[in-house]
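Architecture and fold: a report
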Amino acid sequence: MASDTPTMPTWKMCEAIFEIFRECSTLELTMASYQLLVELNKRYPRVYVASSCKVVVVEEAWSPFVCGVEGGGLIDSSSFLLLAQDVAQALIKMESQSLGMRCLRDMLLFQYLVKVLEGDLLPRYAVYKETSDWFMVKESLINALWVSPRVPRLTYKNLVKSCLSIISSLSHHHSESSYQHQQIADNLSSKTVHDCGAALSIAVMTQLEDTSFAVQKFLSMIMEVDVMKKEADSQGYVSRGEGSGSSLLETILDVLTYDKDLLSPFLQVFSIPRWKLDIVLQYFSKYCKRSSVRTRRSNEVDDGTFEGVLKCFSNATDTKAMVRKMSTEVAQLLLSHAFQAYLFLHRDNKNTAKSDDNGGEKSLLHICKSMISAFKNIRTNEHVDMTQFEKGALFLASKILSRNE
Amino acid sequence: MRMRLEDPLDFESEDQHIRTSRSINKRRRKVIGLDDLLNDHYEEKIRLEEKEAKKRRQKRYDSDEDDDRARNGKEALLSRFVADCQKQVSEMVAEDEIPTWGLRLFGPKKDPLQWDFTRLGNCKLLEASVDSMINSMLELDSEEGDNFLEGLLMNGWLSNWVFTCGHVEDSIALWAFYQMLYSTNEELQISACDFWCSVLRNDTEVDASIIRLDWHPKYAELRDALNIYGYLMDSSANYSSHSTAVHEDSQIDGPPHNIKSWIKFLTACFCARYARQIFSILEVEEALGGIIFLFVDRHLQGISYFISECMLSALSFFTDDEWNISCESIANGLANRIPKDMNCVRVLECISVVNARSKHLRNKVALQILLNCFDMKVSSMKDILRFLLAISVKDKNCDFFKMYRNLVLIDNWLLSDPPLDEKPTILELWNRFLRNCSSQITSTDWRSYASKVRNKSSYLLQNQRKDPQ
């Protein structure tokens, strides 16, 4: 990379670096090889968009994944699953022994793999936006690895579970002691691992956040592919062989409905607003009276939007019915999270749409008003203590309103 | 017991079935035997390789893998003999002889400035609502303001608020800044850092609405924070090497975890719209030198990735004109400060060459260190190379570490083109030097660094041939 006319590193070199990364035992070497791998991935993408809106795949380039590449690669669906499970296990135990070098390496490997998957998907996604050519997306690593029906359902579901458990184990609401992070930090610094206990502890702490983000990115990539696939399907581009199993969104909802303890910590950590809002709204749609909502494309219709959901809480009787079905705690929690995701999306829309329309501002105020009345209605129905998070939602809604008065 | 069970009973001896299965069993056992042998072999190999790895701890991927493997074999053989003869005692000596990089940059921590919580009192955000029902639901009276604010921050509502109203009050900005740098609550500290970074980054995004900041930090405040973390400013005499066993109290020193937020925050600052208000050019030079210096603290090797990002973002601060001058002074500063041992090799390797500026910097740093090493006795590169050529590698007192260091330094310096009129001579001398090193050091020379010098130079020589210069 240092020379003026850099040449692409050979297959052998990449593989050697990857091997060093997986085998080495010192922190220094781990970080250095990780950095090199990430840099190489950035510098020499296997997939890129050529000027004529075409996706170019450099077939001879090295990739850590088995699929699509002849003879090379080391990671396939099942080893990826094992990796995710290892990370999840280590994080759930939260013991100092489990959070050593090995866990650090696993987390870094996971992040690297997600970066590779992303590098593979993004150019295809960009071209898809222009041309609606499903074929390119179909060829993507992430589709081949996870979305395609060739992947056994059980493996798929296990992966989703592991991902969710990684995410929720990093939430500070999850464990009894409220500051999980603190706990890990204490654990790590109370032991002396060879010469770099403190160094390792800082490294692990940093990687926790980044791993959580990598998992979220991974999930949202799959959801993105799901959406594209559905669109392609409606236009008849998806062959019957590819089928359309349950989407990730549905799988996540299944897991969350089944395991209610996961719900709060998952939403607490999962921070990609667009998908978060989708997940929450779909969750609501199971309970709303007019539960005829399926896709995001039916947004024009009143239900399936946040406004629609808030309507279910607009008067005392409706609220009572909703709360009976889904419990006060869950209702408050979901409303607050939807509100937060809505605010983030609102800001992004404001930025792209340039201020000239007042409609966005009006609907924001309307949402804030409905939020407050929803909370009041829930409150008159049954008195349940609000969490810090929910208080924040109410507080912000009232602040935004009073600012505009 | 198992053997007994598998032995045929009398009446079974006629049974063809049993006999074949027995022979299979036998064969299986034999195979297992082979496996065991193989395992033993591998275990031994791994053990030897580990020994090797210890010796070459500092070494990175600087030579071709094949080459490495072949050499490994030979050296493995050799080191086994050496190990057998000299036993543990000699091993200890060998360990001591090879220094590794690593300096303690952080001493005992100082007490952070006390945050005056009354300053939040006149904060508009926390004023009670006119709606008494909302107030009672929030129970704001019974709770202390800062507790509630912490909740808002950690749950992301503070960012929501700031992005919606496009304004950060000074008391909130200051409070979050303080939490980010000094809070010992990991969660709070991370949230505060995320908050600040997203505010700063917001401005660099295209068509983002601008957020008005009533207060933003100054460089002096960031430097103070480093001071409070125990950073030993410029007093190179005080740095003690990591390799000299001070591990017992490693929990006491070493920077607090907030250093990570400090680095991330700085990274965001350099790119922010406010960057010019936060730093002067001289201050960025100082900061950049400091950031690069962080690479040599072993406590921070786990976050070298962030340090590297921070360095790149600082590089982007300068305009082209500023850069040419600043680069010199940064290189000078670094070269004067850094010990001329493995640490300078580490620093060079960590200045990752991903763009023109970082390449320029690496190359200038290499040159400055090189000149410092020769105490300015020599003025030109030609002289340095001639001086090096005069060293005989056969000499018993030849310092191979210095040879190795100079190899790395000159190689990095050559990244940029030397002045045209000197170029042919320099390349000629450089080639001669490389040939000397690669051919005159025998492969069985076990003095520390001898093999490293040999390999590095033959690797570089090979690359030279590839380039038709």
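Residues numbered from 1 in each chain as written. Chains lettered and ligands numbered in written order. Predicted model: local features only at pLDDT ≥ 70, side-chain atom pairs only at ≥ 80, totals over all residues. Heavy atoms only, no water.

As named in an unreviewed UniProt entry, chain B is Coiled-coil SMC6 And NSE5 INteracting (CANIN) domain-containing protein, taken from Acorus calamus.

Chain A carries the name Negative regulator of systemic acquired resistance SNI1 in an unreviewed UniProt entry, which gives Acorus calamus as its organism.

**Some points on the overall build of chain B**
Across its full length, chain B carries 20 helices and two strands. Per-residue burial for chain B yields a buried fraction of 51% across its 469 residues. The long-range share in chain B, meaning contacts at least 24 apart out of those at least 6 apart in sequence, stands at 77%. (Helix = DSSP H or I, 4+ residues; strand = E, 2+ residues; numbered from the N terminus. Buried < 20%, exposed > 50% of the residue type's maximum accessible area, 1.4 Å probe, protein only. Contact = heavy atoms within 4.5 Å.)

**What about the overall build of chain A?**
Counting its regular elements, chain A contains 17 helices and two strands. Buried residues in chain A amount to 56% of all 405 residues. Within chain A, contacts between residues at least 6 apart in sequence are counted, and of these 72% link residues at least 24 apart. About 17600 Å² of surface is accessible on chain A, with carbon and sulfur atoms providing 52% of the total. (Areas by Shrake-Rupley, 256 points an atom, 1.4 Å probe, with all protein chains shown as cover.)

**Regarding the side chain of Ser159(B)**
Assignment of secondary structure puts Ser159(B) in helix α6 (residues 157-165). A relative accessible area of 12% means that Ser159(B) is categorised as buried. If we ignore the near neighbours within four places in the chain, the residues touching Ser159(B) are Phe344(A) and Phe195(B).

**Points about the side chain of Ser165(A)**
All names here are of chain A. Note on placement: Ser-165 falls in helix α7 (residues 153-169). Assessed through its relative accessible area of 16%, Ser-165 is described here as buried. Filtering out sequence-adjacent residues up to four positions away, Ser-165 remains in contact with Ala-88 and Ile-92.

**A look at the confidence of the model for chain B**
Confidence in the prediction of chain B, expressed as mean pLDDT, is 76, and 69% of residues score 70 or more. Here the predicted complex carries an ipTM of 0.85, next to a pTM of 0.79. (pLDDT = per-residue confidence, 0-100.)

**A closer look at the packing of α7(A) against helix α10 (residues 248-258) of chain A**
All names here are of chain A. At a minimum axis separation of 10 Å, α7 and α10 run at an interaxial angle of 65 degrees. In this structure, the crossing between α7 and α10 has a hand that is right-handed. Residues Tyr-156, Lys-157, Val-160, Lys-161 and Leu-164 of α7 form the contact with α10, whose participating residues are Leu-248, Thr-251, Ile-252, Asp-254, Val-255 and Leu-256. Grouping the constituent residues of the contact of α7 with α10 by class yields seven nonpolar, one polar and three charged. (Axes fitted to C-alpha atoms, helices over the stretch in contact; angles between N-to-C directions. Left-handed = near helix turned anticlockwise from the far one by under 90°. Nonpolar A, V, L, I, M, F, W, Y, C, P; charged D, E, K, R; others polar.)

**Description of the environment of Glu15(A)**
Here Glu15(A) lies in helix α1 (residues 11-23). With 59 residues separating them along the chain, Glu15(A) and Leu74(A) place their C-alpha atoms 9.2 Å apart.

**Examining the nonpolar core**
Judged by nonpolar contacts, the single largest core of 267 residues is most densely connected at Phe218(A), Leu219(A), Phe339(A), Trp196(B) and Trp262(B). It is helix α9 (residues 197-234) of chain A that contributes the most residues to this core, 17 residues altogether. Beyond its immediate chain neighbours, meaning those up to four positions away, Phe218(A) contacts Phe80(A), Val114(A), Leu117(A), Ile142(A), Trp146(A), Leu159(A) and Cys163(A). (Core = buried A, V, L, I, M, F, W, Y, C linked by side-chain atoms within 4.5 Å.)

**Structural notes on the state of the cysteines**
Residue and element names in this part refer to chain B. Taken as a whole and judged by the stated rule, the model has zero disulfides over all chains. Among the cysteines around Cys-373, which has no disulfide bond, Cys-344 carries the closest sulfur, lying 5.9 Å off. According to the relative accessible area criterion, Cys-373 is partly exposed, its value standing at 22%. Its sulfur unpaired, Cys-437 is 8.3 Å from the next cysteine sulfur, which belongs to Cys-398. By relative accessible area, Cys-437 is classed as buried at 1%. (Disulfide = S-S within 2.5 Å.)

**Re the packing of aromatic side chains**
Throughout the structure, instances matching the rule amount to 32 aromatic pairs over all chains. Ring centres of Phe270(B) and Phe279(B) lie 4.9 Å apart, and the angle between their planes is 25 degrees; on these two criteria the pair is classed as stacked. Overall, the relative accessible area of 3% leaves Phe270(B) in the buried class. Grouping aromatic residues by their ring pairs yields a cluster made of Tyr219(B), Phe270(B), Phe279(B), Phe317(B), Phe318(B) and Trp323(B). Lying across the ring of Tyr156(A), Arg153(A) places its NZ or CZ 4.5 Å from the centre. (Phe/Tyr/Trp six-rings, centres within 6.5 Å; stacked < 30°, edge-to-face > 60°. Lys NZ or Arg CZ within 6 Å of the ring centre and 35° of its normal.)

**Quick word on the pattern of salt bridges**
Tallying each qualifying case throughout the model produces 14 salt bridges over all chains. As a salt-bridge pair, Glu28(A) and Arg346(B) come within 3.7 Å of each other at their nearest N and O atoms. Pair noted here: Glu28(A) is in helix α2 (residues 27-43) and Arg346(B) is in helix α15 (residues 342-350), and the two residues belong to different chains. In this structure Glu28(A) comes out as buried when scored by relative accessible area, which is 11%. Judged by its relative accessible area of 6%, Arg346(B) falls in the buried class. Across the salt bridge formed by Glu209(A) and Lys264(B), the nearest N and O atoms sit 3.6 Å from each other. (Salt bridge = Lys/Arg side-chain N within 4 Å of Asp/Glu carboxyl O.)

**Things to note about the pairing of strand β1 (residues 47-50) of chain A**
Successive residues of a regular strand alternate their side chains across the two faces of the sheet. All names here are of chain A. Across four bridges, β1 lies against strand β2 (residues 54-57) in antiparallel orientation. The partner of Ala-50 across the bridge, within β2, is Lys-54. Where β1 hands over to β2, the hairpin turn is made up of three residues, of which Cys-53 adopts a positive phi near 60 degrees. (Pairing = 2+ DSSP bridges.)

**A few points about the packing of helix α8 (residues 186-202) of chain B against helix α10 (residues 258-271) of chain B**
Residue and element names in this part refer to chain B. Relative orientation of the contacting elements α8 and α10 amounts to 5 degrees, with a least axis distance of 9 Å. With respect to each other, α8 and α10 are oriented roughly parallel. Judged by residue contacts, Glu-186, Gln-189, Ile-190, Cys-193, Trp-196, Cys-197, Leu-200 and Arg-201 of α8 engage Asn-258, Lys-260, Ser-261, Lys-264, Phe-265, Ala-268 and Cys-269 from α10. For the contact of α8 with α10, the per-class residue count stands at eight nonpolar, three polar and four charged. (Parallel < 35°, antiparallel > 145°, perpendicular 65-115°, else oblique.)

**A closer look at helix α12 (residues 273-285) of chain A**
Taking 1.5 Å per residue as the helical rise, α12(A) with its 13 residues ought to reach 18 Å, and the 18 Å between its terminal C-alpha atoms agrees with that figure. Across the 13 residues that make up α12(A), a large majority, twelve, are buried. (Expected span 1.5 Å × (residues − 1).)

**A look at unusual backbone geometry**
All names here are of chain A. In this structure, Ser-132 takes a positive phi of about 55 degrees despite not being glycine. Position of Ser-132 relative to the elements: it lies in the loop between α4 (101-131) and α5 (134-138). Residue Ser-132 is classed as partly exposed on the basis of its relative accessible area of 34%.

**A short note on the confidence of the model for chain A**
A residue-level look at chain A finds 81% of positions with pLDDT of 70 or above and a mean pLDDT of 79. This stretch, residues 173-179 of chain A, has a pLDDT under 50; its non-local contacts, to residues over four places away or in other chains, come to 13 contacts.

**Concerning the environment of Ile75(A)**
Residue and element names in this part refer to chain A. Note that Ile-75 resides in the loop between β2 and α3 (77-93). Put simply, Ile-75 and Phe-65 are ten residues apart on the chain and 4.5 Å apart in space, counted from C-alpha to C-alpha. The residues contacting Ile-75, other than those within four sequence positions of it, are Phe-18, Arg-22, Pro-64, Phe-65, Val-66, Phe-80 and Leu-113.

**Considering the environment of Phe344(A)**
Relative to the helices and strands, Phe344(A) resides in helix α15 (residues 328-353). Sequence-wise, Phe344(A) and Ser327(A) are 17 residues apart; in three dimensions their C-alpha atoms are separated by 26 Å. For Phe344(A), the residues in contact, after removing those within four places along its chain, are Pro273(A), Gly156(B), Ser159(B), Asn160(B) and Phe163(B).

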